[in-house]
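The lines below spell out each chain.
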Amino acid sequence: MKRVDDFRLRFGNKELVPIMIGGMGVDISTSALALEAARLGGIGHISDAMLPTVTDRHYDTKFVSQKQKQYKYNVTNNDKSSIKFDLEQVAEASRIHVRHTMSNKTGDGMIFINCMEKLTMNAPRDTLRVRMRAAMDEGIDGITLAAGLHLGSMALIEDHPRFHDVKLGLIVSSVRALQLFLRKTSKINRQLDYIVVEGPLAGGHLGFGMDWAKFDLRTITREVLDFLKAENLNIPVIPAGGIFTGSDAVSYLEEGSAAVQVATRFTVTQECGIPPNVQQEYFRASEEDIEVNQLSPTGYPMRMIKQCPATHSGIRPNCEAFGYVLDANGKCAYIDAYNREVAAHPDEKKIVVTDKMCLCTHMRNYDCWTCGHYAYRLKDTSHKLADGTYQILTAEHVFKDYQFSTDNKIALPEKIEA
Ligand SMILES: Cc1cc2nc3c(=O)[nH]c(=O)nc-3n(C[C@H](O)[C@H](O)[C@H](O)COP(=O)(O)O)c2cc1C
């Protein structure tokens, strides 16, 4: 019976354990989590979502308060189009986070950064450009192009000295998205180093509509593998979404995938950024608690634990401090929903918005509990302690369970009584 450890992901003459921990913003896939994956010989991701906020928390910068102060005059204004990020500060935040991470790297693995196109920041091209370039400047091993088609993203970095050395990957949820990307980037002399095929059971935003349940990862992965073979393209394919055990992973590796990308099982590890009390909610979640909804103002469906504080909250948009999902025209669907409710209930002190949520504020505060479909199985991966809480795992334990388990088994950690 094969184990994940019987396979290797190859980049040139570099060999890796074929386990990649997916990017989880905002600072859910922390530097510490990515460093563990690299130490153990796999690939870890940091996320580049809302990094000025993240560096304020970890490295004592003051980016958020500076921006908030600069745009204080606009707080009660419905028009947020004038709220712009200082590109130098965006670059500096990326540099700090990537530098800190890369300078602490040990082991034979790699550390990539997840860059989401949907993080439009009221200047999509410019902010994506500085984020990717700053990460490359600071020696990131790879960039995963996420949450978007990224038709113009390669062009933003093609003159960077590390363009041919940094690993470049793309997340797709269909062959069509991949074909479109390849067609649009055909003039750029640079092949992708890997393709993540993300199916409908993943956490975070989904690359599907609300008919996501009609699709399945295995079929899409096979279609991508067949397409690449027909085109004579030798690019490692890495499926993601709902791969919960080592045996699940092996089944994909045996069918020709080069590695797997996994995330949900790492949400309950001590290296993960989710606060311990929220991690208990992940453990406790039942299948009925997990839903795919359209609350995200990005327009993509998102999977979450439905009783999280982000749903039905009507907080005032905080674009002066954050503003990460403002589109190229300074618009966000949550602002419109919030203003509609304010207009409908002018005397109400507490506004309730049920159709959209303020993604920036809630992700920043870990109040949007996004998770993969199988989060309800997390309780089977640890011990319930005498006080009713679940034992938090280590990233090493989960990583090695994926690497060495067989027969769909999940190894429990050594029990530590609270
Ligand atoms: C809490 C959480 C946050 C996530 N955030 C992101 C993100 O910011 N960008 C992204 O591309 N994918 C994100 N994802 C998707 C993962 O990187 C990964 O591809 C997917 O969840 C793998 O499926 P699994 O969680 O079933 O293992 C997130 C997943 C989770 C669970």
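The structure contained in this document is the topic of the report that follows. Quantities reported herein were computed from a predicted structural model and do not represent experimental measurements.

**Regarding the overall build of the protein**
Link 1 in the chain: Helix and strand counts for the protein come out as 12 helices and 13 strands.
Link 2 in the chain: The C-alpha radius of gyration computed for the protein amounts to 21 Å, which stays within 12% of the reference 22 Å derived for 418 residues, consistent with globular compactness.
Link 3 in the chain: The C-alpha extent of the protein, read off along each of the three principal axes, is 65 × 60 × 40 Å.
Link 4 in the chain: Looking at the protein residue by residue over its 418 residues, the buried ones come to 50%.

**Notes on the site of the ligand**
Link 1 in the chain: Near the ligand lie 30 residues; those nearest to it are Gly 22, Ala 146, Gly 203, Gly 204 and Gly 372.
Link 2 in the chain: Listing elements by their share of the shell around the ligand, those giving two or more residues are strand 5 (110-116) and strand 11 (260-262).

**A few points about the nonpolar core**
Inside soluble globular proteins, nonpolar side chains tend to come together where they are buried.
Link 1 in the chain: Counting residues in hydrophobic clusters, the biggest one holds 130 residues, and the most contacted among them are Ile 143, Ile 195, Val 197, Ile 238 and Val 260.
Link 2 in the chain: Leave out the neighbours within four places in its chain, and Val 197 touches Val 172, Leu 217, Ile 220, Thr 221, Val 224, Val 237, Ile 238, Pro 239 and Ala 240.

**Comments concerning the pairing of strand 10 (residues 237-240)**
Link 1 in the chain: Alternating residues of strand 10 divide into Val 237 and Pro 239 and Ile 238 and Ala 240, and every residue in both groups is buried.
Link 2 in the chain: As paired elements, strand 8 (residues 194-198) and strand 10 share four bridges and run parallel to each other. Each residue of the ladder has a partner; that of Val 196, found in strand 10, is Ile 238.

**Things to note about the environment of Tyr 324**
Link 1 in the chain: One can find Tyr 324 in the loop between strand 13 (302-305) and helix 10 (333-344).
Link 2 in the chain: Judged by the 25 C-beta atoms lying within 10 Å of it, Tyr 324 falls in the buried class.
Link 3 in the chain: Sequence separation of Tyr 324 and Met 302 is 22 residues, and the distance between their C-alpha atoms is 17 Å.
Link 4 in the chain: Setting aside residues up to four positions removed in sequence, Tyr 324 forms contacts with Met 50, Leu 119, Met 121 and Cys 360.

**Focus: the environment of Val 17**
Link 1 in the chain: Position of Val 17 relative to the elements: it lies in the loop between strand 2 (14-16) and strand 3 (19-21).
Link 2 in the chain: Residue Val 17 is classed as buried on the basis of its 23 C-beta neighbours within 10 Å.
Link 3 in the chain: Separated by 25 residues in the primary sequence, Val 17 and Gly 42 have C-alpha atoms spaced 4.7 Å apart.
Link 4 in the chain: Look past the residues within four positions of Val 17 in its chain and what remains in contact with it is Asp 5, Leu 40, Gly 41, Gly 42 and Gln 403.

**So, unusual backbone geometry**
Link 1 in the chain: Put simply, Gly 25 and Val 26 share a cis peptide bond, and its omega is 0 degrees.
Link 2 in the chain: By the secondary structure assignment, Val 26 is in the loop between strand 3 and helix 1 (31-39).
Link 3 in the chain: Positioned with a positive phi, Asp 27 is a non-glycine residue whose angle comes to about 55 degrees.
Link 4 in the chain: Checked against the element boundaries, Asp 27 lands in the loop between strand 3 and helix 1.

**Remarks on helix 7 (residues 217-230)**
Link 1 in the chain: Compared with the 20 Å implied by 1.5 Å per residue over 14 residues, the 20 Å span of helix 7 between its first and last C-alpha is a close match.
Link 2 in the chain: Along helix 7, the residues that are buried comprise Leu 217, Ile 220, Thr 221, Val 224 and Leu 225. Viewed along the axis of helix 7, the buried residues span an arc of 135 degrees, placing them on a single side of the element. Exposed residues pointing more than 90 degrees away from the buried face of helix 7 are listed as Thr 219, Asp 226, Lys 229 and Ala 230.

**Comments concerning the pairing of strand 8**
Link 1 in the chain: Among the five residues in strand 8, five count as buried, and that is most of the element.
Link 2 in the chain: Side-chain alternation along strand 8 places Tyr 194, Val 196 and Glu 198 on one buried face and Ile 195 and Val 197 on a second face that is also buried.
Link 3 in the chain: Note that the unit made of strand 7 (residues 167-172), helix 6 (residues 175-184) and strand 8 has a crossover that is right-handed.

**Here we look at the sheet that holds strand 9 (residues 204-205)**
Strand pairing in a sheet relies on backbone hydrogen bonds, with the paired strands running either antiparallel or parallel.
Link 1 in the chain: Within the open sheet, the three strands sit side by side as 9-13-12. Their pairing is antiparallel. Of all strands in the sheet, those with a lone pairing partner are strand 9 and strand 12 (290-293), marking the two edges.
Link 2 in the chain: Where strand 12 and strand 13 come together, four bridges link them in antiparallel fashion. Within strand 13, the residue paired with Val 292 across the bridge is Arg 303.

**Remarks on the packing of helix 1 against helix 4 (residues 87-103)**
Link 1 in the chain: In contact at an axis separation of 10 Å, helix 1 and helix 4 are set at 35 degrees when each is read in the N-to-C sense. Seen from above, helix 1 lies across helix 4 with right-handed handedness. Where helix 1 approaches helix 4, its residues Ser 31, Ala 34 and Leu 35 are matched on the opposing element by His 97, His 100 and Thr 101.
Link 2 in the chain: For the contact of helix 1 with helix 4, the class distribution of residues is two nonpolar, four polar and no charged.

**Things to note about the environment of Thr 127**
Link 1 in the chain: Mapped onto the secondary structure, Thr 127 falls in helix 5 (residues 124-137).
Link 2 in the chain: The class of Thr 127 is buried, set by 20 C-beta atoms lying within 10 Å.
Link 3 in the chain: Separated by 288 residues in the primary sequence, Thr 127 and Lys 415 have C-alpha atoms spaced 46 Å apart.
Link 4 in the chain: Filtering out sequence-adjacent residues up to four positions away, Thr 127 remains in contact with Phe 85, Leu 87, Val 90 and Met 121.

**Topic: the packing of helix 4 against helix 5**
Link 1 in the chain: It is at 8 Å that the axes of helix 4 and helix 5 come closest, and there the two elements cross at 35 degrees. Between helix 4 and helix 5 lies a crossing of right-handed hand. Taken together, the residues of helix 5 that come into contact with helix 4 (itself represented by Leu 87, Val 90, Ala 91, Ser 94, Arg 95 and Val 98) are Asp 126, Thr 127, Val 130, Arg 131, Ala 134, Ala 135 and Asp 137.
Link 2 in the chain: Along the lines of polarity and charge, the residues of the contact of helix 4 with helix 5 split into seven nonpolar, two polar and four charged.

What counts, and where the lines are drawn
Residues numbered from 1 in each chain as written. Predicted model: local features only at pLDDT ≥ 70, side-chain atom pairs only at ≥ 80, totals over all residues. Helix = DSSP H or I, 4+ residues; strand = E, 2+ residues; numbered from the N terminus. Rg over C-alpha atoms; globule rule 2.2 N^0.38 Å. Buried ≥ 20, exposed ≤ 12 C-beta atoms within 10 Å, placed from the backbone. Near = placed C-beta within 6 Å. Core = buried A, V, L, I, M, F, W, Y, C linked by C-beta atoms within 7 Å. Contact = placed C-beta atoms within 7 Å. Pairing = 2+ DSSP bridges. Expected span 1.5 Å × (residues − 1). Arc of directions from axis to C-beta. Right-handed = clockwise from strand over helix to strand, strands pointing away. Axes fitted to C-alpha atoms, helices over the stretch in contact; angles between N-to-C directions. Left-handed = near helix turned anticlockwise from the far one by under 90°. Nonpolar A, V, L, I, M, F, W, Y, C, P; charged D, E, K, R; others polar.

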